[in-house]
Amino acid sequence: MLAMLATAALCPSAAAGDAEAVGAAAVHAAMDAEDGWTRVLQRDGVTVSRKAIPGLEVDAFKGTKTLDPDVDAALMFSIICDVSAHKRLSPGLVESSMVEGGPVDLTYYQVMGSPPLLPVAPRYWLITADMEDGVGGEAGHKRRRWSSLPLDQLPEVHARIQAEYAGAVPLPFTHGVWELDPEPDGTTTVRYYQVSHPG
């Protein structure tokens, strides 16, 4: 699903705008709202949609897929919430490290290495995330939200990252959601939302 979203992100869109992010609560509220999403890609059971977020010059993307009843959704969610596992699952990610917190609320950072043969500096993000089980009172409905911290927070962590990864550039902002929603027929609807400024 992540690869599908990356492909969709290459479609023509508004230019990456300035670094002033709209508040995290407003961004998540806009992504949660069902209106405004436009389908841009559908392949291998994944539907990708995009949406303009007021105040941001980059679009949000949403990926949706239905999991068969024999897929262990609880196990999948545990992997999604395992910061240390992200490096193994995301091509190009060279570090994924905890800062503090857990298991429900946590702060961590991730570093994306430079693409091969391209003169692009590494990118990194320092984010806070929370996990919820039983969203809206529905058993088995799980959600993980994250948002980047303001760039002036945890300066010692920024310094450590930049010392280890020469020229690393922080994303001005990133917000997203993983959501696993069980359906009456035994399937699970997976939704992945993300809006990020590439810096």
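In the block above lies the structure referred to throughout.
Residues numbered from 1 in each chain as written. Predicted model: local features only at pLDDT ≥ 70, side-chain atom pairs only at ≥ 80, totals over all residues. Heavy atoms only, no water.

## Observations concerning the pairing of strand β7 (residues 142-148)
Then comes step 1: Counting buried positions over the seven residues of β7 gives seven, a clear majority of the element.
Then comes step 2: Neither face of β7 is exposed, since K142, R144, W146 and S148 on one face and R143, R145 and S147 on the opposite face are all buried.
Then comes step 3: With seven bridges joining them, strand β6 (residues 123-133) and β7 adopt antiparallel strand pairing. Paired with D133 across the two strands is K142, which belongs to β7.
Then comes step 4: The pairing of β7 with strand β9 (residues 174-182) spans six bridges and is antiparallel. When the bridges of β9 are listed, W146 appears paired with G176. (Buried < 20%, exposed > 50% of the residue type's maximum accessible area, 1.4 Å probe, protein only. Helix = DSSP H or I, 4+ residues; strand = E, 2+ residues; numbered from the N terminus. Pairing = 2+ DSSP bridges.)

## Examining the nonpolar core
Then comes step 1: If you look at the biggest cluster of nonpolar residues, it comprises 19 residues, and the most contacted ones within it are L106, Y108, W146, W178 and L180.
Then comes step 2: Every element with two or more residues in this core is listed here: α3 (73-80), β5 (105-112), β6, β9 and β10 (188-196).
Then comes step 3: The biggest single contributor to this core is β6, with four residues.
Then comes step 4: Within the second largest apolar cluster, twelve residues are counted, among which are V27, A30, W37 and F173. (Core = buried A, V, L, I, M, F, W, Y, C linked by side-chain atoms within 4.5 Å.)

## Description of the pattern of salt bridges
Then comes step 1: In this structure the tally under the stated criterion is six salt bridges.
Then comes step 2: Between D59 and R50 there is a salt bridge, with the nearest N and O atoms lying 3.0 Å from each other. Considered together, D59 and R50 belong to a single accessibility category, that of buried residues.
Then comes step 3: Taken together, the salt bridges that share partners define one network made up of E179, D181 and R191. (Salt bridge = Lys/Arg side-chain N within 4 Å of Asp/Glu carboxyl O.)

## What to know about the packing of aromatic side chains
Then comes step 1: Throughout the structure, instances matching the rule amount to three aromatic pairs.
Then comes step 2: Consider the rings of W178 and Y192, whose centres lie 4.5 Å apart with planes at 55 degrees: the pair is tilted. Of this pair, W178 sits in strand β9 while Y192 sits in strand β10; the two residues are 14 residues apart in sequence, bridging distant segments of the chain.
Then comes step 3: Judged by relative accessible area, Y192 falls into the buried class, the value being 6%.
Then comes step 4: Put simply, the rings of W146, W178 and Y192 pair up and form one aromatic cluster. (Phe/Tyr/Trp six-rings, centres within 6.5 Å; stacked < 30°, edge-to-face > 60°.)

## Considering the pairing of β6
Then comes step 1: In the sheet, β5 pairs with β6 via eight bridges, with the strands oriented antiparallel. Each bridged residue has a counterpart across the sheet, and for T107 the counterpart in β6 is T128.
Then comes step 2: The pairing of β6 with strand β8 (residues 169-170) spans two bridges and is parallel. The partner of Y124 across the bridge, within β8, is P170.

## Notes on the side chain of R123
Then comes step 1: Among the structural elements, R123 can be located in strand β6.
Then comes step 2: Only 3.0 Å separates the side chain of R123 from the backbone oxygen of A121, close enough to count as a polar contact.
Then comes step 3: Aside from chain neighbours lying at most four places away, what touches R123 is Q110, V111, M112, V169, L171, P198 and G199. (Polar contact = N/O pair within 3.5 Å; in protein donor to acceptor, adjacent residues only side chain to side chain. Contact = heavy atoms within 4.5 Å.)

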